[in-house]
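Examination of the molecular architecture
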Amino acid sequence: MTNIPHVVILGGGFGGLAAANELRNSLSATEVKITVIDKKDWFMVGFAKLWIITGTRTFENSIGSLNELSKKEINFIKNEILTIDLQNKNIKTKLQNISYDYLIISMGTILAPQKIPGLIENGFNLYDHNQLSEIHDKLECMNSGKIAISIMGMPYKCPPAPFEASLLIDSMLRKRGIRDSIQIDFYSPAPITLPAAGPEVSKQILELVNSENITFHNSSKIKSVESKKLIFENSEADFDLLLAIPPHIAPKVIYDSGLAKEPGFIPIDRDCKTSFENVFAVGDVTILSVGENMAVPKAGIFAEGEGITVAKNIISKIQSKEETELYDGKGGCFIESGKDTASVLQVDMFSNSKPSTNLSESTTDNLSKKLEFEKERLSKWL
Ligand SMILES: Cc1cc2nc3c(=O)[nH]c(=O)nc-3n(C[C@H](O)[C@H](O)[C@H](O)COP(=O)(O)OP(=O)(O)OC[C@H]3O[C@@H](n4cnc5c(N)ncnc54)[C@H](O)[C@@H]3O)c2cc1C
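Residues numbered from 1 in each chain as written. Predicted model: local features only at pLDDT ≥ 70, side-chain atom pairs only at ≥ 80, totals over all residues.

As for helix α1 (residues 14-26)
The first and last C-alpha atoms of α1 sit 19 Å apart over 13 residues, in line with the 18 Å expected at 1.5 Å per residue. Of all the positions in α1, only Phe14, Gly15, Gly16, Leu17, Ala18, Ala19, Ala20, Asn21 and Leu23 are classed as buried. (Helix = DSSP H or I, 4+ residues; strand = E, 2+ residues; numbered from the N terminus. Expected span 1.5 Å × (residues − 1). Buried ≥ 20, exposed ≤ 12 C-beta atoms within 10 Å, placed from the backbone.)

Quick look at the domain arrangement of the chain
With domains assigned, the chain is organised as domain 1 (6-109 + 250-324) and domain 2 (113-247). Contacts between the two partners involve 16 residues from domain 1, matched on the other side by 17 residues from domain 2. Sorting the residues of the side of domain 1 that touches domain 2 by element identifies α2 (48-54) and β23 (294-295) as the ones contributing at least two each. Residue contributions to the side of domain 1 that touches domain 2 peak at five residues, all from α2. When its residues are assigned to classes, the side of domain 1 that touches domain 2 shows nine nonpolar, four polar and three charged. (Domains from an automatic or database assignment. Contact = placed C-beta atoms within 7 Å. Nonpolar A, V, L, I, M, F, W, Y, C, P; charged D, E, K, R; others polar.)

Details of helix α5 (residues 161-175)
Counting along an α-helix, one turn takes 3.6 residues, and residues three or four places apart therefore face a common direction. For α5, built from 15 residues, the straight-helix expectation of 21 Å at 1.5 Å per residue is met to within 8% by its first-to-last C-alpha distance of 21 Å. In terms of burial, α5 is largely enclosed, as twelve of its 15 residues are buried. Within α5, the full set of buried residues consists of Ala161, Pro162, Phe163, Glu164, Ala165, Ser166, Leu167, Leu168, Ile169, Asp170, Met172 and Leu173. Where α5 ends, the next residue or the one after it, Gly177, has phi of about 75°, a positive value.

Some points on the site of the ligand
Neighbouring residues of the ligand: 35 residues in total, closest Gly11, Gly13, Gly46, Gly108 and Gly283. Looking at the shell around the ligand, its residues break down into 17 nonpolar, ten polar and eight charged. Structurally, the shell around the ligand is a two-domain feature, drawing no fewer than three residues from each of domain 1 (6-109 + 250-324) and domain 2 (113-247). (Near = placed C-beta within 6 Å.)

What to know about the sheet that holds strand β22 (residues 286-290)
Within the open sheet, the three strands sit side by side as β20-β22-β23. Their pairing is mixed. At either margin of the open sheet sits one strand with a lone partner, and together these are β20 (266-268) and β23. Two elements, β20 and β22, share three bridges in a ladder whose sense is parallel. Bridge pairing in β22 places Ile266 opposite Thr286. (Pairing = 2+ DSSP bridges.)

A closer look at the nonpolar core
Counting 114 residues, the largest nonpolar core has Val7, Leu23 and Ile104 as its most contacted members. Take this core: its biggest share by element is eight residues, from α5. Taken domain by domain, this core gets at least three of its residues from each of domain 1 (6-109 + 250-324) and domain 2 (113-247). Filtering out sequence-adjacent residues up to four positions away, Val7 remains in contact with Leu23, Val32, Ile34, Tyr100, Tyr102, Ile104 and Ile314. (Core = buried A, V, L, I, M, F, W, Y, C linked by C-beta atoms within 7 Å.)

Quick look at the structure:
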């Protein structure tokens, strides 16, 4: 009997699920064994977090179960990954050791609020699924004061999401008739709203938030947080409710394995290969440089594209064909306006070797497409 190659996928998020499904859709269980390992047994499309904050969703009706993977003959192991042993091709989890022939690392980022002194004690983490309901409750109770939305490190995932959050919160407060009593300030360490999307799109986003009376404070590099006070390198600001996007780092096991240096990410090229044979990395845990100063943004749509690229190359290798796929860097992100409409930010990271971006008009049709995007991912992957 010939050995069936074993593809082990670390992380069942956007990149991992896209890769697992692409592999299984092309190769049967007699041709490839696929194992996905994740410490949690659910998947959620990131933007649903904002709907939990606004109250149009609950956590329970926004997730899909990773246990559904078994229906496609994809093994799922719910366990924390403790060690990646690249020399011996072995993964150690809390309960077992798993050996691989091919490894896809799609472990995303870790949110690190502890890197900002005083943040955990004095502010909320806008991206932490455990804090969303409490943020919703705070917003529902607030009748006056100042809301601060603060980006506390670069790069962070889904660059437009904090801007969408500010617009959705604005709309929530307007519906309650108390928007005029609440000030919304947006702080970013960057000089423009969306550096990865370029100056033209950044200007459009700035106009969008300004039109709703949300004040954007650029080049605001955070040092620490005190009770009701943000301390920046060159200034201070008061708040009553702080919604922070904390610094993002890679999971500790990535630094322990030597694949990346703290606080960075795994460097890859468009083939998503690491320096170890048959070991690939995709999505937020990686850094894929574009030119000298830019990188592919951390977003699900890019993690998905990279996952598919890697899967196609592994399929070719298993079929003894040439591996020819390179990630194309193309994707679209929906940006909600808070008025039941959304625009689409189309990105082509490698067009003529420099990124090109385009922001469409905000329409109700695009908001329906955003809902469809989520539904499609949950139904085709799980
Ligand atoms: C509010 C918000 C809105 C967003 N909106 C959009 C959007 O509109 N469009 C878009 O494209 N993207 C969006 N994103 C970003 C998107 O969610 C991420 O970029 C995407 O999930 C990255 O995919 P990934 O596979 O790299 O990592 P993830 O999806 O984060 O998956 C990583 C997985 O690895 C697991 N893991 C990590 N460490 C371990 C360990 N030690 N042991 C076991 N398991 C481990 C995690 O549990 C996780 O399930 C949004 C994100 C947020 C927070």
